[in-house]
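Per-entry structural report
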Amino acid sequence: MHSFSFTKGHGTRNDFVIVLDREDMHDPSPGEVRAICDRRAGIGGDGLLRAVKAGRIDEWDGDPDLWFMDYRNADGSVAEMCGNGVRVFARYLADNGLADGPVIPIATRSGVREATLLPDRRVRVDVGVVTVDAGAVKVTAAGLDQPVPATKVDVGNPHAVAFIDDPAVLDLTKPPVWEPAEAFPAGVNCEFVRIVGDRHVEMRVYERGVGETLSCGTGTVAVAAATAEREGVVERPVTYRVDVLGGTVEVELTGGDGGDQAFLTGPAVIVGHGELTLAED
């Protein structure tokens, strides 16, 4: 049996179990992650955030004293980055005296992301560079009559953004499929978007390794970038309001060489702490 302390938090109801493992003493197996994130037999969450000193992570070659956000999807797979997760991770570090604000640099598999704690308890994250790919792809989801064009976007992880009349008609209990299949060999996060008004969109998302979630932070950034591209918006900075099922975030695109520097601002809420005992795999 393996026992450990945990914290539960969410960003626009994209929820995570957070575990402190400073010295990388227990790298969880995919089975353990699935058990922890199980909403009936475990704590429940869209993913696991493990807080490890960056110098203990073999693939990390930057500042060893940073906190590394080791992010796992609910199915146990490893992911590069998570925009909502970084906000919650920063709030966790600050609330537990593990980092000083208001600016907290966080190491991820997509590089360092700076999180800024705002006076209203929201967190603003420098998500890095977001790029829109001109490559043509199509996605199909239950509820659509036919495949629809999608925009390929890279936010340190892959996204396919499709604009449709009414995302509410979709059945996202089933995973979308895309063509050509080789466009996303490691899988993709699929966002379905409706333009509500000027600089205002709403979306639903199917996250790889999880299923439909109430929010996806990098997904909202991908949607903002794809919308700016679709609408021919060239002025920078530009800010989009993005409504997700779990709330609202703001995405600011500031321009830059090779893509937009993007900033994501939204809530980060810690809801509780506890102890969990897991059987060995």
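This section reports on the structure supplied with the text. (Residues numbered from 1 in each chain as written. Predicted model: local features only at pLDDT ≥ 70, side-chain atom pairs only at ≥ 80, totals over all residues. Heavy atoms only, no water.)

1. Looking at the overall build of the protein chain
Helices and strands together make up the secondary structure of the protein chain, namely three helices and 17 strands. Taking 2.2 N^0.38 as the reference for a compact globule, 281 residues should give roughly 19 Å; the C-alpha atoms of the protein chain span a radius of gyration of 18 Å, in line with that estimate. Here the C-alpha coordinates of the protein chain stretch approximately 50 × 35 × 35 Å along the principal axes. Here the protein chain holds 281 residues, and the buried ones make up 52% of them. Across the protein chain, every contact between residues at least 6 apart in sequence was considered, and the portion connecting residues at least 24 apart equals 62%. Accessible surface, the protein chain: about 12100 Å² in total, of which carbon and sulfur atoms supply 48%. Distance between charge centroids for the protein chain: 4 Å, based on 27 positive and 45 negative side chains. (Helix = DSSP H or I, 4+ residues; strand = E, 2+ residues; numbered from the N terminus. Rg over C-alpha atoms; globule rule 2.2 N^0.38 Å. Buried < 20%, exposed > 50% of the residue type's maximum accessible area, 1.4 Å probe, protein only. Contact = heavy atoms within 4.5 Å. Areas by Shrake-Rupley, 256 points an atom, 1.4 Å probe, with all protein chains shown as cover. Lys, Arg positive; Asp, Glu negative; His and termini not counted. Charge placed at Lys NZ, Arg CZ, Asp CG, Glu CD.)

2. Notes on the pattern of salt bridges
For the structure shown, the criterion picks out 26 salt bridges. Aspartate 260 serves as the salt-bridge partner of arginine 236, at 2.8 Å between the closest nitrogen and oxygen. Remark: aspartate 260 occurs in strand β16 (residues 260–267) and arginine 236 occurs in the loop between α3 (217–231) and β14 (238–244); sequence separation between them is 24 residues. For arginine 236, a relative accessible area of 29% translates into the label partly exposed. If you follow the salt bridges from partner to partner, you end up with Asp21, Asp24, Asp27, Arg50, Glu59, Asp70, Arg72 and Arg109 in one network. (Salt bridge = Lys/Arg side-chain N within 4 Å of Asp/Glu carboxyl O.)

3. Looking at the side chain of arginine 113
Mapped onto the secondary structure, arginine 113 falls in strand β6 (residues 111–117). In terms of polar contacts, arginine 113 uses its side chain to reach the backbone carbonyl oxygen of valine 127, at 2.8 Å. Excluding anything up to four places from it in sequence, arginine 113 contacts Met81, Val86, Ile104, Pro105, Ile106, Thr108, Val125, Asp126, Val127 and Gly128. (Polar contact = N/O pair within 3.5 Å; in protein donor to acceptor, adjacent residues only side chain to side chain.)

4. So, the pairing of strand β5 (residues 103–108)
Two faces, one strand: in a regular strand the side chains alternate between the faces of the sheet. Bridge analysis of strand β4 (residues 67–73) against β5 gives two bridges, and the strand direction is parallel. Along β5, the bridge assignment pairs tryptophan 67 with isoleucine 106. Direction of pairing for β5 relative to β6: antiparallel, over a ladder of six bridges. Directly across from isoleucine 106, in β6, lies its bridge partner arginine 113. In sequence, β5 turns back onto β6 through a hairpin of two residues. (Pairing = 2+ DSSP bridges.)

5. Quick word on the packing of aromatic side chains
Under the counting rule described, the total for this entry stands at three aromatic pairs. Here arginine 124 stacks its cationic end above the ring of phenylalanine 263, 4.0 Å away from the centre of that ring. Here lysine 152 stacks its cationic end above the ring of phenylalanine 184, 5.5 Å away from the centre of that ring. (Phe/Tyr/Trp six-rings, centres within 6.5 Å; stacked < 30°, edge-to-face > 60°. Lys NZ or Arg CZ within 6 Å of the ring centre and 35° of its normal.)

6. Focus on unusual backbone geometry
Look at the link from glycine 101 to proline 102: it is a cis peptide, with omega at 5 degrees. Tracing the backbone through its elements, the reader meets proline 102 in the loop between α2 (83–95) and β5. Backbone torsion omega between arginine 236 and proline 237 reads 0 degrees, so that peptide bond is classified as cis. Mapped onto the fold, proline 237 is located in the loop between α3 and β14.

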